[in-house]
Structures are given as C-alpha cells and as structure tokens.
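Breakdown of the fold
What follows is each chain in one-letter form.
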Amino acid sequence: MKIQNNGFLSLEQLQDQYLNLNRQTKNDVVTKEGLSFQDILTQKTGTDQSEVKFSKHAVNRLADRNIELSEEQVERLNLGMARAGAKGINESLVIVDSLAFIVNVPNQTVITAMDQADSDENVFTNIDGAVII
C-alpha cells in the first residue's frame, strides 16, 4: 500500500515534523522586541543582576561591627566581584579599603564581612582567590 500518495504522512514524517516544531519553540528565547527573559525580568523587578547582594549573616556582621558602606565602596565591591568572576573564582576574598568581604561569586552574594580590626589573625579559609581593590 502506498501511504505517500494518499495524503497521509508516514511515521517518520510525523516524527520529524513534531521534533522540529519542538526544537523551534525551545530555541525561541528572545522576544520579538529582541529582549531576553533576563532583560524582561530585570525591567519588571527593577533590579540589576550584576549588583552584589548581602546574605543575612553578612548583614548581621555589618550591623554588629558598625560597618557602613559608602556607594563608592559598594561600586568597588561590585568591581572586585566582577573581576573574580572573570578569573573563574567561586569563593573570593575581596578587600576594599580596610574591609574584607567573603563573596560567593556565582550567586553574587557577600557571605560575611569584617574590618581589619576584627580579623585578629588575618587568616581566611574556604576561598579560591582574592581581589584587592
């Protein structure tokens, strides 16, 4: 029986048509306006994902140690985090002025913070790189 001539598709033709259709929809990550999902998320939430975040522990340490960061210091901390990420560092020590921050670079999160007076021994563990800004 000739299936091709009577208007029906073969199993292989149906399979190719279905699989190609699925591939096209999965790869459509950019909208008609040329925006990615990340761009739209940033617009809607109003947050820049390259901005460093502070964990609850880090916020507590900053408060306990009476450390207040200026905008310029936060910018330099972001720069240090970006440099660490460019070098492939995951857990980084970032030193800004007399302040030391342990940063989880993939999550862009400060894990803990201290000032030079608080670090008696100046020993930092569980890091795989350091950036001095």
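Residues numbered from 1 in each chain as written. Predicted model: local features only at pLDDT ≥ 70, side-chain atom pairs only at ≥ 80, totals over all residues. Heavy atoms only, no water.

Looking now at the sheet that holds strand β2 (residues 91–96). In space, the five strands of this open sheet follow the order β1-β4-β3-β2-β5, with mixed pairing throughout. Looking at which strands have only one partner, the edges of the open sheet turn out to be β1 (53–54) and β5 (129–132). Taken together, the six bridges between strand β3 (residues 99–104) and strand β4 (residues 109–115) define a ladder with antiparallel strand orientation. Considered in β4, the bridge of Leu99 is made with Asp115. Packed onto the sheet, helix α3 (residues 56–64) meets β1, β3 and β4 and runs at close to 20 degrees relative to β4. Lying on the sheet, helix α4 (residues 71–86) is in contact with β1, β2, β3, β4 and β5; it crosses β2 at an angle near 145 degrees. (Pairing = 2+ DSSP bridges. Helix = DSSP H or I, 4+ residues; strand = E, 2+ residues; numbered from the N terminus. Contact = heavy atoms within 4.5 Å. Axes fitted to C-alpha atoms, helices over the stretch in contact; angles between N-to-C directions.)

The next subject is the pairing of β5. Only one face of β5 is covered, namely the face carrying Gly129 and Val131; the face carrying Ala130 and Ile132 is uncovered. Pairing between β2 and β5: four bridges, direction parallel. Paired with Val94 across the strands is Val131, a residue of β5. (Buried < 20%, exposed > 50% of the residue type's maximum accessible area, 1.4 Å probe, protein only.)

For β3, a buried count of six out of six residues is recorded, marking the element as mostly surrounded by other parts of the structure. The side-chain alternation of β3 yields two buried faces, one formed by Leu99, Phe101 and Val103 and the other by Ala100, Ile102 and Asn104. Two elements, β2 and β3, share six bridges in a ladder whose sense is antiparallel. By the bridge assignment, Val94 is partnered in β3 with Phe101. Counting the residues in the hairpin turn of β2 and β3 gives two residues, including Asp97, whose phi is positive at 55 degrees. Connecting β3 to the next strand, β4, in antiparallel fashion are four residues, including Gln108 with a positive phi near 55 degrees.

With that settled, the discussion passes to α4. Counted at 1.5 Å a residue, the expected span for α4 with its 16 residues is 22 Å, and the 23 Å between its end C-alpha atoms agrees. Taken as a whole, α4 has its buried residues at Gln73, Val74, Arg76, Leu77, Asn78, Gly80, Met81 and Ala84. The inward-facing, buried residues of α4 abut β1, β2, β3, β4 and β5. Following α4 by one or two positions, Gly88 adopts a phi angle in the positive range, close to 80 degrees. (Expected span 1.5 Å × (residues − 1).)

Looking at the chain, the pLDDT average stands at 80 and 71% of residues meet or exceed 70. For the chain, the element scoring lowest by mean pLDDT is helix α1 (residues 11–27), at 64; β2 scores highest, at 95. This model gives residues 24–28 a pLDDT under 50, and the stretch forms zero contacts once residues within four places in sequence are excluded. (pLDDT = per-residue confidence, 0-100.)

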